[in-house]
Amino acid sequence: MISERRLAILNLIIEHYIQTGEPMGSKTLCSLLPYSVSSATVRNEMAYLSQLGYLEQRHTSGGRIPSKASYRYYVDNLMVPRELSDYDKQSIDEALSVNAGDPERLLADAARLLSQYTNCTGFCCSLEDPLDCIQGVDLIPAGNSKAMLVMLTAGSKIKSSLINIQRPINDDFRYLFYEVVKRLFAGTALSEVNTSLIQRSVLIAGEQVFDLVPILTSLCSLCSEASKSKLVLEGETNLLSHSELGNEVYRILSFLTDRKRLIDFSEWFAESNAKYNLFIGDENPLYELKNTATAISKFTYGNNQTAALGLIGSTRIDYKSVIPVSEYIFNKVDNLLSSSH
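If you're wondering where the values come from, they're calculated on a predicted model, not measured in any experiment.

## Considerations on the sheet that holds strand β7 (residues 230–234)
Next up, step 1: With respect to topology, five strands assemble into an open sheet ordered β7-β3-β10-β9-β8, the strand pairing being antiparallel. Where the open sheet ends on each side, the last strands, each with one partner, are β7 and β8 (276–280). Mean inter-strand twist for the sheet, computed between neighbouring axes without regard to direction, equals 15°.
Next up, step 2: Relative to strand β10 (residues 305–314), strand β9 (residues 292–301) runs antiparallel, the two sharing 10 bridges.

Encoded structure:
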C-alpha cells in the first residue's frame, strides 16, 4: 500500500518530467506539496518509491525521474484525463466525415489526426482478407484516349486506375467489358485474379480481347494491390522531437521503414482478444518498441474486414492529453465503420 503522501510525490515527479524532461529534487517537491514537510522526509519517500521501482536517479546528487513502470501506475491510478474541447471534437468529427464511406481513406485520415493531435507517429493497417472478392467494376471514359477503371470489393475497398486505351469507349465496348467482368471476374477472390483470366476472356471477346488487355491487366493489378495488407504511416518525424529517445529514435525510425514488421504487429494484435491496448515500455511485444508508448485499437467491419489503428511515441508522452484524444478518434472511427455497412 502506497501512502497518500508518496502518491502525491510520485504524481508530481511524473507530471513534472512529462512537461519538462528534467528530474525533480526534494527542495522543489517540498515547495509543490500542499502541506509542510522537510526535505529529508521527502528524500526518504523518494528512496522508498525508488525501491518499489517507480523512480530512477540519473546521478547520485541529482533528482529523480519516473521509471517505465511508474508510467503504467500513473495511467491506471493517478492520471486525471484532460477533457477534449468541443472545438477539437468538432474538428475531428468533420475531418473524419470526409471519407466516412471509404474505410481505407477513413483510417488514413484517422492516422493523420492521431499524429497531428498527439505529436506521435500515427499508423493504420487494413489487414489482408483471403475471402475478399470483386463486387463491382466500372469503366469511365476520360477523354484523350484515357479511361478510369474503378473497382469495389466485397470488403469495401475502392481501387482505381487511369488507363491509356487506343480505341473509343462506346456503349458496345463497355457492354463487352462488363460481360467479361461478370462471367470471369465478379465474385472471384482477389488473390485468385491473374492473367489466366485474361486468356480465358478470348472465349467471350474474340478478336476484341486485344483492346481489353490493357484494362484487364490493370484490373489484375488493382486486385493484387487490394488483396494485401496496407500500412499507412503519418508523422514519423514527430519522434525526432521526443528528446528522451536519444539515439534510440533512429532504431525506431528504421523499424518503421520495415513496414512488414508493423503489419505483422497489427495482424498479431488483431488476432488477440483485446479491442484496445496501451503498451508502455517493456510491455511492448516488439524489442524495437521497448522505449515507446504504443496505443493500438482494432476494428471489424463490413464482411469481416479487419483493421488496426494506433500511435507510437516515447514513454514520456503527455498521457492525460494523448489518451483521451486517441480514444475519441478510435471510438469515432469505430462508429463510422459500423454505421456505413
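Here the narrative resumes, following the displayed structure.
## Focus on the packing of aromatic side chains
Next up, step 1: Overall, the coordinates contain nine aromatic pairs when judged by the stated rule.
Next up, step 2: Taken together, a centroid distance of 6.2 Å and an interplanar angle of 40° make the contact between Trp268 and Phe279 tilted. One end of the pair, Trp268, is in helix α12 (residues 259–270); the other, Phe279, is in strand β8, with 11 residues separating them in the sequence.
Next up, step 3: On the accessibility criterion, Trp268 (42% relative accessible area) is partly exposed.
Next up, step 4: The aromatic ring of Tyr48 is capped on one face by Arg6, whose charged end is 3.7 Å from the ring centroid.
Next up, step 5: Above the face of the Tyr17 ring, Arg316 is positioned so that its terminal group lies 5.6 Å from the ring centre.

## Considering the sheet that holds strand β5 (residues 146–153)
Next up, step 1: As summarised here, the arrangement of the three strands in space is β4-β5-β6, forming an open sheet in which the pairing is antiparallel. Of all the strands in the sheet, just β4 (134–143) and β6 (158–164) have a single pairing partner and so form its edges. Between one strand and the next, the sheet's axes are offset by a mean angle of 20°, whatever the strand orientation.
Next up, step 2: As defined by bridge partners, β5 adjoins β6 across seven bridges and the pair is classed as antiparallel. Its bridge partner lying in β6, Met148 is registered against Leu162.
Next up, step 3: Of the strands in this sheet, β4 and β5 touch helix α7 (residues 171–185), which is tilted by about 160° from β4.
Next up, step 4: Here helix α10 (residues 209–227) sits on the sheet and contacts β4, β5 and β6; the angle it forms with β6, its principal contact strand, is near 150°.

## Quick word on the pattern of salt bridges
Next up, step 1: The full count for this structure, using the stated rule, is 22 salt bridges.
Next up, step 2: Across the pair Arg82 and Asp318 runs a salt bridge, and its minimum N-O distance is 3.3 Å. Of the two residues, Arg82 is situated in the loop between α4 (68–78) and α5 (86–97) and Asp318 in the loop between β10 and α13 (319–339); the sequence distance between them amounts to 236 residues.
Next up, step 3: The structure contains a network of salt bridges with shared partners spanning Glu104, Lys159, Glu225 and Lys230.

## Points about the pairing of β10
Next up, step 1: Among the 10 residues in β10, nine count as buried, and that is most of the element.
Next up, step 2: Alignment of strand β3 (residues 121–126) against β10, held across six bridges, turns out to be antiparallel. Its bridge partner lying in β10, Gly122 is registered against Leu311.
Next up, step 3: If you look at the hairpin formed by β9 and β10, you'll find three residues sitting between the two strands, and Gly302 has a positive phi there, around 55°.

## Topic: the side chain of Thr188
Next up, step 1: Structurally, Thr188 is set in the loop between α7 and α8 (195–200).
Next up, step 2: Those residues in contact with Thr188, other than ones at most four positions away along the chain, are Asp132, Cys133, Ile134, Val193 and Leu197.

## Considerations on the nonpolar core
Next up, step 1: Judged by nonpolar contacts, the single largest core of 58 residues is most densely connected at Leu309, Tyr319, Ile329 and Val333.
Next up, step 2: Considering every element that reaches this core, the biggest residue donor is α13, with nine residues.
Next up, step 3: In terms of nonpolar packing, the next biggest core, distinct from the first, is built from 30 residues, Leu139, Ile169, Leu197 and Ala226 among them.

Rules used throughout
- Residues numbered from 1 in each chain as written.
- Predicted model: local features only at pLDDT ≥ 70, side-chain atom pairs only at ≥ 80, totals over all residues.
- Heavy atoms only, no water.
- Pairing = 2+ DSSP bridges.
- Helix = DSSP H or I, 4+ residues; strand = E, 2+ residues; numbered from the N terminus.
- Axes fitted to C-alpha atoms, helices over the stretch in contact; angles between N-to-C directions.
- Phe/Tyr/Trp six-rings, centres within 6.5 Å; stacked < 30°, edge-to-face > 60°.
- Buried < 20%, exposed > 50% of the residue type's maximum accessible area, 1.4 Å probe, protein only.
- Lys NZ or Arg CZ within 6 Å of the ring centre and 35° of its normal.
- Contact = heavy atoms within 4.5 Å.
- Salt bridge = Lys/Arg side-chain N within 4 Å of Asp/Glu carboxyl O.
- Core = buried A, V, L, I, M, F, W, Y, C linked by side-chain atoms within 4.5 Å.

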